[in-house]
Amino acid sequence: MNITQKINDAPLVYEVVSKARGVQLGDFDDGIDDPIDSEEVYELIRNINDPEHPLTLEQLHVANREHIYVDDGSNRVLIEFTPTIPHCSMATLIGLCIRVRLLRSLPERFKVDIRIREGTHQSESQVNKQLNDKERVAAALENTYLLDVVNQCLATAV
């Protein structure tokens, strides 16, 4: 990523306590109804790289298991993330990375809402509006430079 001027030069880095989801009995059986839960969604986003640092969203506590809500029955996912600083200029890009990862990974039936946790960013309402506006997201993804940055952030998310 060609981001030369860092907004947060020294972010707090947290120890990762990996609770990798084990293989379930029906994981490979298409005949079994396997509802998607918050743990599965967390596994999809935790290894996304931060656009500014060579660290994951999990290491920076930007993404947390406790802030992911899934209702498989009504096909809804809500993710609340916490920027590392209240004036983080990368918040929209981080939210876009989360959205793209879920667009590529979850079944199309899911409505995904992505929000900055309340009180953690000075422009949270504007960023939330951008992240959940389909037209703005589509326009952002038409920008090849921006799409390259998103793909770089997602390269480590397996």
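Residues numbered from 1 in each chain as written. Predicted model: local features only at pLDDT ≥ 70, side-chain atom pairs only at ≥ 80, totals over all residues. Heavy atoms only, no water.

As named in an unreviewed UniProt entry, the protein chain is Cytosolic iron-sulfur assembly component 2B, taken from Coemansia aciculifera.

A. Structural detail: the pattern of salt bridges. Applying the stated criterion to the full structure yields nine salt bridges. In this structure, E43 and R46 form a salt bridge, with 3.1 Å as the shortest nitrogen-oxygen distance. E43 serves as the salt-bridge partner of R65, at 3.8 Å between the closest nitrogen and oxygen. Within this pair, whereas R65 is found in the loop between α1 (38-45) and β1 (68-71), its partner E43 is found in helix α1, the two being separated by 22 residues in sequence. According to the relative accessible area criterion, R65 is buried, its value standing at 18%. One connected set of salt bridges, linked through shared partners, spans E39, E43, R46, E58 and R65. (Salt bridge = Lys/Arg side-chain N within 4 Å of Asp/Glu carboxyl O. Helix = DSSP H or I, 4+ residues; strand = E, 2+ residues; numbered from the N terminus. Buried < 20%, exposed > 50% of the residue type's maximum accessible area, 1.4 Å probe, protein only.)

B. Expanded view of the sheet that holds strand β2 (residues 76-81). Here three strands make up an open sheet; going across it, the order is β1-β2-β3 and the pairing mixed. Looking along the sheet, the strands with just one partner apiece sit at the ends: β1 and β3 (111-116). Between one strand and the next, the sheet's axes are offset by a mean angle of 10°, whatever the strand orientation. Where β1 meets β2, four bridges bridge the pair, whose relative direction is antiparallel. (Pairing = 2+ DSSP bridges. Axes fitted to C-alpha atoms, helices over the stretch in contact; angles between N-to-C directions.)

C. Broad picture of the nonpolar core. Residues I45, I48, F81, I98, L102 and L106 are the most contacted members of the largest nonpolar core, which totals 40 residues. Elements supplying a minimum of two residues to this core: α1, β2, α2 (91-105), β3, α3 (124-131), α4 (134-142) and α5 (144-154). Broken down by element, the residue count for this core peaks at eight residues, all from α2. Other than its neighbours up to four places away in sequence, F81 contacts V62, A91, I94, G95, I98, I114, R115, I116, R117, T120 and L131. (Core = buried A, V, L, I, M, F, W, Y, C linked by side-chain atoms within 4.5 Å. Contact = heavy atoms within 4.5 Å.)

D. Here's a closer look at the environment of R65. It is 5.9 Å that separates the C-alpha atoms of R65 and Y42, two residues lying 23 residues apart in sequence. At 2.9 Å, the side chain of R65 forms a polar contact with the side chain of E39. (Polar contact = N/O pair within 3.5 Å; in protein donor to acceptor, adjacent residues only side chain to side chain.)

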